[in-house]
Amino acid sequence: MTEVQTKQIEETIGFVKNTLQEAEGGHDWFHTQRVFRNALHIGEEENADLFIVGLGALLHDIADSKFYDGDEDIGPQMAQDFMNKIKVSKSVQQEVIRIIQHISFKGGNFKQGYKSIELDVVQDADRLDALGAIGIARCFNYGGFKNRKLYDPEILPDLKMDKETYKKSEAPTINHFYEKLLLLKDRMNTNTGKQLAEERHNYMENFLEQFYREWNMDIKQL
């Protein structure tokens, strides 16, 4: 990155930290920081434009639609207004906005309509943070934030949801593992992302096995 681009990244970090200081714990500055670091690592391995990757990672959750009544326009607009303020070129802005618009998982049956290596990289970094120990912690943190049940054996995961149904789902937290988290390993875009996802995916499967063992423990064992 050039000296100007490095300064713009630093200004973006400050903006995001300030904007997300009161955010829900799974979508706060620390989530963004982890995505940023993983994106730079993956981007370097995959020969992506690290400036676009860095800005995309930093701004990808600046106004997540799930916290704005499903409005998917607020995040891109906030990001564009900020990038205009720090004089990011229009061509870079366009790529970053596309990342923000297309990064989210919108249900297992949603087909993404745009591709670029930079989007692939940032999307993989974001998905990595939904896997493994941190992914489990974020999942239950958000479920608590929404006051959802941990698990209800009578409410089965729905793998046929369209985008709008997925956005409005209020299913128990455990269902989210099957409706999203366990699907991510096979939807990683880059070779680097796929390699990093493997261990985290296995960790989640082991967690679920232990969860069900404890949930179904015979009362005679107590």
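Residue numbers restart at each chain and count upward from 1, following the sequence in its written direction. With the structure being a predicted model, the display of local features is reserved for residues of pLDDT at least 70 and the display and counting of side-chain atom pairs for 80 or more, all residues being used for whole-chain, interface and lining totals. Each side-chain value is derived from all of the structure's non-hydrogen atoms; neither hydrogens nor water enter the calculation.

## Let's talk about unusual backbone geometry
Most of the time, phi is negative for any residue but glycine, and the peptide bond is trans. Positive phi, close to 60°, is recorded for Asn-47, a residue that is not glycine. Secondary structure elements are defined from DSSP: runs of H or I of at least 4 residues count as helices, runs of E of at least 2 residues count as strands, and each element is numbered from the N terminus. Looking at where Asn-47 falls in the secondary structure, it is placed in the loop between α2 (29-45) and α3 (50-59). Not every positive phi belongs to a glycine, and Asn-147 is a case in point at roughly 55°. Looking at the secondary structure, you find Asn-147 in the loop between α7 (132-145) and α8 (163-168). Residue burial is assigned from relative accessible area. The probe radius is 1.4 Å, only protein chains are included, and a residue is buried under 20% of its type maximum, exposed over 50%, and partly exposed in between. Looking at Asn-147, the relative accessible area reads 71%, which means it is exposed.

## Quick look at the nonpolar core
Residues belong to one nonpolar core when they are buried, are Ala, Val, Leu, Ile, Met, Phe, Trp, Tyr or Cys, and are joined through side-chain atoms within 4.5 Å. In terms of nonpolar packing, the biggest core is built from 53 residues, with Leu-55, Met-83, Val-96 and Phe-177 touching the most fellow members. Ranked by residues supplied to this core, first place goes to α3 with seven residues. When checking whether two residues touch, look at their non-hydrogen atoms; a contact exists if any pair is within 4.5 Å. Contact partners of Leu-55, with chain neighbours within four places excluded, come to Ile-9, Thr-12, Met-83, Val-88, Val-92 and Val-96.

## Regarding α2
Taking 1.5 Å of rise per residue, the 17 residues of α2 would be expected to cover 24 Å, and the 24 Å separating its terminal C-alpha atoms lies within 8% of that figure. Every buried residue belonging to α2 is among Trp-29, His-31, Thr-32, Gln-33, Val-35, Phe-36, Asn-38, Ala-39, Ile-42 and Gly-43, and all of these are buried. A helix is expected to span 1.5 Å for every residue after the first.

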